[in-house]
Amino acid sequence: MGSSSCGAMDDFFKQCEQSGDAAYAALKSLLEKLEDPSTRTEARIFLSNLQKRFENEAASEQCFHAFHFRIHDILLGGYQGYQRRKKLTMMVIPSIFVPEDWSFTFYEGLNRHPNSIFKDKTVAELGCGNGWISIALAENWSPLKVYGLDINPRAVKVAKINLYLNALDENGQPIYDGEKKTLLDRVEFHESDLLSYCRDHKIELERIVGCIPQILNPNPEAMSKMITENASEEFLYSLSNYCALQGFVEDQFGLGLIARAVEEGISVIKPLGIMIFNMGGRPGQGVCKRLFERRGFRVTKLWQTKVIQASDTDISALVEIEKNSPHRFEFFMGLGGDQPICARTAWAYGKAGGCISHALSVYSCQLRQPNHVKVIFDFINNGFQEVSNPLDLTFDDDSVADEKIPFLAYLASVLKESSFLPYEPPAGSTRLRNLIAGFMKTYHHIPLNTDNVVVFPSRAVAIENALRLFSPRLVIVDEHLTRHLPKLWLTSLAIEAGCDVEPSEAAVTVIEAPRQSDLMIELIKKLKPQVVVTGMAQFEAVTSSAFEHLLDTTREIGSLLFLDISDHFELSSLPGSNGVLKYLAGNILPSHAAIICGLVKNQVYSDLEVAFIISEEESIYKALSKTVELLEGHTALFSQYYYGCLFYELLGFKLADRHPPAQRECEKARTVEMIGFTSSAISALNTGELSVSGLQNSSVIHMDVDQSFLQIPAPIKAAIFESFARQKLAESEIDVNIGIRQFIKNNYGFPTDGCIEVIYGDSPLALFNKMVLCCILEGGNLCFPAGSNGNYVSAAKFVNANVLDIPTQSEVGFKLTEKVLTSFLGTVKNPWVYLSGPTVNPTGSLYSNEEMRGILSVCAKFGARVLIDASFSGLEFLTEGWDMWNLWDSLSKLNSRCNPSFCVSLLGGLSFEMLTGGLTFGFLVLNQPHLIDAFYSFPGLSKPHSTVKYAIKKLLGLREQKAENLLEAVAGQKKILSCRFNRLNEVICLRFQISEPLGFLIFFISNYGIIFRLKKFETSIIID
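In this text the structure is predicted, and so the values were computed from the model without any measurement.

Bringing helix α20 (residues 517-527) into the picture now. Buried within α20 are the following residues: S517, M520, I521 and I524. The buried residues of α20 occupy an angular sector of 100° when projected down its axis, which confines them to one face. Tucked into the core, α20 has its buried residues touching β12 (474-478), β13 (509-513), β14 (531-534), α21 (538-541) and α22 (545-557). Positive backbone phi, at 50°, marks K528, one or two positions downstream of α20.

Another aspect to go through is the packing of aromatic side chains. Here the structure, examined in full by the defined rule, presents 43 aromatic pairs. Aromatic pair F13 and F69: ring centres 6.5 Å apart, planes at 10°, arrangement stacked. A residue pair is termed long-range when its members are at least 10 positions apart, and F13 in helix α1 (residues 3-18) and F69 in the loop between α4 (57-67) and β1 (70-75) qualify at 56 residues. Across this residue pair, the class does not change: F13 and F69 are buried. With centroids separated by 5.4 Å and ring planes inclined at 50°, the aromatic side chains of Y107 and W132 adopt a geometry described as tilted. Pair noted here: Y107 is in helix α5 (residues 101-111) and W132 is in helix α6 (residues 132-141), with a separation of 25 residues, a long-range link. Note on Y107: relative accessible area 6%, which makes it buried. Under the relative-accessibility criterion, W132 is labelled buried at 4%. Connected via pairs of aromatic rings, a cluster forms that spans F12, F13, F46, F54, F67 and F69. Sitting over the face of the ring of Y24, R154 holds its NZ or CZ atom 4.5 Å from the ring centroid. Here K654 stacks its cationic end above the ring of Y443, 5.2 Å away from the centre of that ring.

Here we come to the pattern of salt bridges. Enumeration according to the criterion identifies 31 salt bridges in this entry. One salt bridge connects E733 with R726, and the closest N-O pair in it is separated by 2.8 Å. A residue is classified by how much of its surface remains accessible, and E733, at 23% relative accessible area, is partly exposed. The class of R726 is buried, set by a relative accessible area of 18%. Across the pair E850 and R853 runs a salt bridge, and its minimum N-O distance is 2.8 Å. With E850 and R853 both in helix α32 (residues 849-861) and three residues apart, the pair spans about one turn of that helix. For E850, a relative accessible area of 52% corresponds to the exposed category. A relative accessible area of 27% means that R853 is categorised as partly exposed.

Checked against the element boundaries, S946 lands in helix α35 (residues 946-960). Once residues within four sequence positions are removed from consideration, S946 is found in contact with D607, L729 and I734.

The next point concerns the sheet that holds β13. Taken together, the seven strands give an open sheet; going across it, the order is β11-β17-β16-β15-β14-β12-β13, and neighbouring strands pair in mixed fashion. Taken across any chain shown, the strands that pair with only one partner, and hence form the sheet edges, are β11 (453-456) and β13. With strand direction ignored, the average angle separating the axes of adjacent strands in the sheet is 20°. Two elements, β12 and β13, share five bridges in a ladder whose sense is parallel. Among the inter-strand pairings, I476 is bridged to a residue of β13, identified as I511. Sitting on the sheet, helix α25 (residues 637-651) touches β11, β16 (593-599) and β17 (610-614), and the angle it makes with β17 is about 70°.

Interaxial distance between helix α18 (residues 459-470) and helix α24 (residues 618-631) falls to 10 Å at its minimum, and their mutual angle equals 110°. With respect to each other, α18 and α24 are oriented roughly perpendicular. α24 is crossed by α18, and the crossing has right-handed handedness. Note on element contacts: α24 touches α18 through I620, A623, L624, T627, V628 and L631, opposite N465, A466, R468, L469 and F470. Looking at side-chain class alone, the contact of α18 with α24 contains eight nonpolar, two polar and one charged residues.

Turning next to the packing of helix α2 (residues 20-35) against helix α3 (residues 40-52). Orientation of α2 relative to α3, taken along the N-to-C sense of each, is 135°, at an axis distance of 6 Å. The orientation of α2 relative to α3 falls into the category oblique. In this structure, α2 meets α3 at a crossing whose hand is left-handed. Residues L30, K33, L34 and E35 of α2 pack against R40, A43, R44, F46 and L47 of α3. For the contact of α2 with α3, the class distribution of residues is five nonpolar, no polar and four charged.

This next bit is on the sheet that holds strand β20 (residues 781-785). Read from one edge to the other, the open sheet built from seven strands follows the order β19-β25-β24-β23-β22-β20-β21, with strand pairing classed as mixed. Either end of the sheet is taken by a strand with one partner, and the two such strands are β19 (757-761) and β21 (802-806). In this sheet, neighbouring strand axes are inclined to one another by 20° on average, regardless of whether the strands run parallel or antiparallel. Where β20 lies against strand β22 (residues 831-836), three bridges are found, and the strand directions are parallel. Within β22, the residue paired with L782 across the bridge is W832. Contacting β19, β24 (903-909) and β25 (922-926), helix α28 (residues 737-748) runs over the sheet at an angle of about 105° to β19.

Moving on, we come to unusual backbone geometry. Backbone torsion omega between G837 and P838 reads 0°, so that peptide bond is classified as cis. Tracing the sequence through the fold places P838 in the loop between β22 and α32. Despite not being glycine, L194 shows a phi value in the positive range, around 55°. Following the sequence through the fold, L194 ends up in the loop between β5 (187-191) and α9 (196-200). Take L194: its relative accessible area is 10%, and that puts it in the buried class. The phi angle at S471 is positive, at roughly 45°, despite the residue not being glycine. Residue class for S471 comes out buried when judged on its relative accessible area of 15%.

Rules behind the numbers
- Residues numbered from 1 in each chain as written.
- Predicted model: local features only at pLDDT ≥ 70, side-chain atom pairs only at ≥ 80, totals over all residues.
- Heavy atoms only, no water.
- Buried < 20%, exposed > 50% of the residue type's maximum accessible area, 1.4 Å probe, protein only.
- Helix = DSSP H or I, 4+ residues; strand = E, 2+ residues; numbered from the N terminus.
- Arc of directions from axis to C-beta.
- Contact = heavy atoms within 4.5 Å.
- Phe/Tyr/Trp six-rings, centres within 6.5 Å; stacked < 30°, edge-to-face > 60°.
- Lys NZ or Arg CZ within 6 Å of the ring centre and 35° of its normal.
- Salt bridge = Lys/Arg side-chain N within 4 Å of Asp/Glu carboxyl O.
- Pairing = 2+ DSSP bridges.
- Axes fitted to C-alpha atoms, helices over the stretch in contact; angles between N-to-C directions.
- Parallel < 35°, antiparallel > 145°, perpendicular 65-115°, else oblique.
- Left-handed = near helix turned anticlockwise from the far one by under 90°.
- Nonpolar A, V, L, I, M, F, W, Y, C, P; charged D, E, K, R; others polar.

Structure below.
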C-alpha cells in the first residue's frame, strides 16, 4: 500500500472517529467515488484495504465502536452463487438495522421457494436496510431487477456501498454472471416510504418481499419527525424497530405498517405476483394470517421458528394494548418454552433478566382473484380508505369467494366512476335483463329479448302484483307459494256464491293446491280458475311433459298460467336438466302462460332476492313493467347489480353464439277467452304519469321518476360499499330502529314513544300501497290534495281504491287550507287524507307548524285517518323563516279529545334527505293497533336487505354525529339546487308560469337536456 493511500485511509479514520454523523459523511463521499466510473476502481480498492485492517470479528467490533462503521461477512452456508461465493461482504453503521436472526430467518424462508420463483422477475424488497437480502437474492436467483427500498436515507446509501462491495472484486473489476450481467445490472436501491418509489415510477412488480417493523413506537411523537439523512442516529435506527400508527385496524397488533405495505403492494403487483413477508408471531398466528386473507390473499406458511426478542426493542406499547383490549400477544420464555405468555408477563420476565422469544414465520401470499381485488383497492385508495378496515375477503369456501369478490369489484367500479347512479327503467336494470335473456339464450337456447323479462323485488311480490293486474275471481295457487299472499284472499269463500255470480274486481279468492301436477290439473278442471300459479315437483321438472299438460289444460279451461321455476333454476355454467326451459327452446311461450323465477340461490346472501317474470306476450310484459312501477317503484338497485354480476360471470367468458337459434313452434289456438286486466288497472296504466320508455339518449335526465340525479356524497358511497364488504353482520349492526326513531323525532317532532310500530320497506311507495290496501279494507275514501304525486294517485286507482281529489289553489302553492279541508271532509265518509309534507307536491312549498296544526285539527274533527308523506322532503333550500316541524305538541292535544277513528301515520324515506342515490329505504310509523293488524294482513312487502339496513344505520350515525363531510355534501347540493332553480326560472319563465319552489321541483334539474311533462305538453330544454 502506497504512502498516499495510507494517508487517505488515516484521514478517513480521523473523520469517522469524530462521530456517527462524521462517519456517515465520509462514507457518503466514498459512495460518490464508487458511483463515478472514473474513480470507481480506486474507491473499491480502498474498501478492500479498509476491510483488511479489521479482518477478524473482534477487530470488526472494535471498528464499529471506534469509527462508527464496520465491514463484515455474512455466511450463506451451503449457498452456491454463480461465482461459488459462500459469503457476502457487508458494511453497517449505527443508524441502520444490523442483520440478525430476524432477517436471517426471512432469508431462510425465501430459500424455501423453488429457484424459479425469482428468476427473470421484477422484485422489490421493503425495508432493505443495508441491502444484504436484495443482493443475496440477486446473487442466488438472477432476477431481472431487484429494487431495494428503505425509508432510512442512510440505509439506502450504505446499501449502495454494499452493492459495489459485492458487484466488484477486490481489484475493482466487475464480477459477471452466466448471463454477462453484474449485480449493478440487477439491483437498485432507492429511498422510499414502502412502495412509493415504484408507484411514482409506475413500476409493475412480480415479487414483493419484506421484513418490516411490527411494534408500535412507545413514543408516538418521535415518529412524527421528518425523516432525513441528517436526523439523529437514534431516530433513524428506531425506524428499523418500531412503526407509527397507520390508520388500519391492524395497528392494535403492531401490524399497521405491514397492512399498508400489503395494500400498496396490491396496486403495483402483477396479477400472478407473489408477496413474501416476515411475520413476528407476537400478535398470534391467526391475527398475522388474517391480515393477508381479509385482503384477498391465499397464504402459505413457508417457514417458522423462534427467535430471541431483541433486547433493544421496548414492548411496553404491546402491554398497553393488552391493558385496553381483550387481545393477548404471544411470547415464550426462552427458545425452549412451549406455552405462550402475554406481553405483560413477557415484559416483567424480561425486566427481571429473563430471556423471551417469539415465533417468526415467513408467509408467501398470492391474490386469489387479482384483477378484481386490484379494482377493489383502487377504489379504496381513491378517497375511501375508511372502508379498508371493515373489508373482509376471507373465505373458507372458494365458491363464495368466486361470487362475492367479482361483485365487490363491480360495485367499486360503479361507485368510483359514477357521480350519480344512472337511471334504470322500472321493469328492471337494463343490464340485468340483458344478462338474463343472454343466459337463457346461451345456456338454454331460448331466444328471448330484454323486453320479455320484467324484474321484481321478490317472487312473492311478483305473484301478488301479477294477481292485482288481473284481479281474478278465483285463483289456484301452489300451497308452497301462498305464504305471502293477503290473508283476505286466503280466507275468502266467495267461491260458494257460485260461478255465475260476478264479484267485485277487488275480490280475489285463493285456493291452495298441491304441487303434484296430476292433482293440480284435477283441481283446475273442477274449479275452472281464471288464474293458476304453481311450481313443479322435482321429479316432474326434469322433463317437459308435466309442463305441457298444464299448458294444455289451462288453455282449454281459459286460465292464465304463472309457472314458478325458482326451485329448479340453476345459476351455473353446467345447469341441470329443466323440462320447462327445454320446452321453451323449441316452442314459443304461449300467450296465456308466463314464467316466474325467484333468484335466491347465491352463495353469500341467503336472504338477497330478486325475481323476474318471462312473458312473450307483448301486452302482458308491458303491463307488468308498468305494474311494478306503480306498486313497487323500483327493485333494489344493488340487489340487481349483485345478480347481474352472477349472470355476467357465467356469460363473460363465452364466445358469441355461432349458431342461429332453432325454429320454434307457435302456440296452439286457444279454445276459451282468457281473463283480461282489471278496468281499474287499465285506466291507471293508460292515464298515469309513468316514466317515459324507449329513450336511448343517456344524457337525458329523467324528471319523470322519483329519483335523485344529484351527486352521491362520498360518505354514502363508503357506507354502501362497506355494507357488502363486511361479513357476518351482527343483528345489532343492522338494527336501524333507534336511529330511525331519533331521525323522525328530530326532523318532524313526530312521537315515537309508546305503542307505535315502525315498519321498513324497500321504498316509501311499497309501504304507501300497503296503506292503500288498508284503506280499501276499511271501506275508506282516499283523499289526495290536487297536485299530489301522480304515481301515488295512479297506484291507488290501480288497486281500485275510492280516490277523491281535495281542491287546492296555485296561489298558495297547492297547499291544503283549513277552510277548504273543512268544507271537503264534511261531505266524505271514512276519509283517509294523504298529505305530502313538509315539502308540498308539486311546487316545493313548505307547510309550517301552524298550518299543520290547523290541518290536523280539521282532520281530527272529522275522524279522518291521516297519512303524512315526508319521502319527498329533505332538500329544502329556501327555508328562511320556516320553522322545523314539531308534531308532537299538536298530536298530544288532539289525541286526547278527538274522534276515535282519527290517527296520524308518517311515511318517509332517506333518499332525498341524505342523497342516498340507489340506496332506497322507506319507513312507516303506525300508532293504532287496528291499523297495524290491518297492515300486517298484507304480508307481501319488499323489505330492505341487511346490507341496506347496515348502510342506513351507519349514515344515521354520521348524521347524528354531524359528520362534516356528510353535512357539507348535503349543504352543497342544496346550494346547487337553489342556483339551478334561478337558472331554470330564467329559461322557462316566458313559456310557463311556475310557482316559487323551496325544494322539490328543481331537485331533478341538471346540466343536460331535460324532459318536462306538464299536463299534455312535452318539451326539451337545454340549460347551460
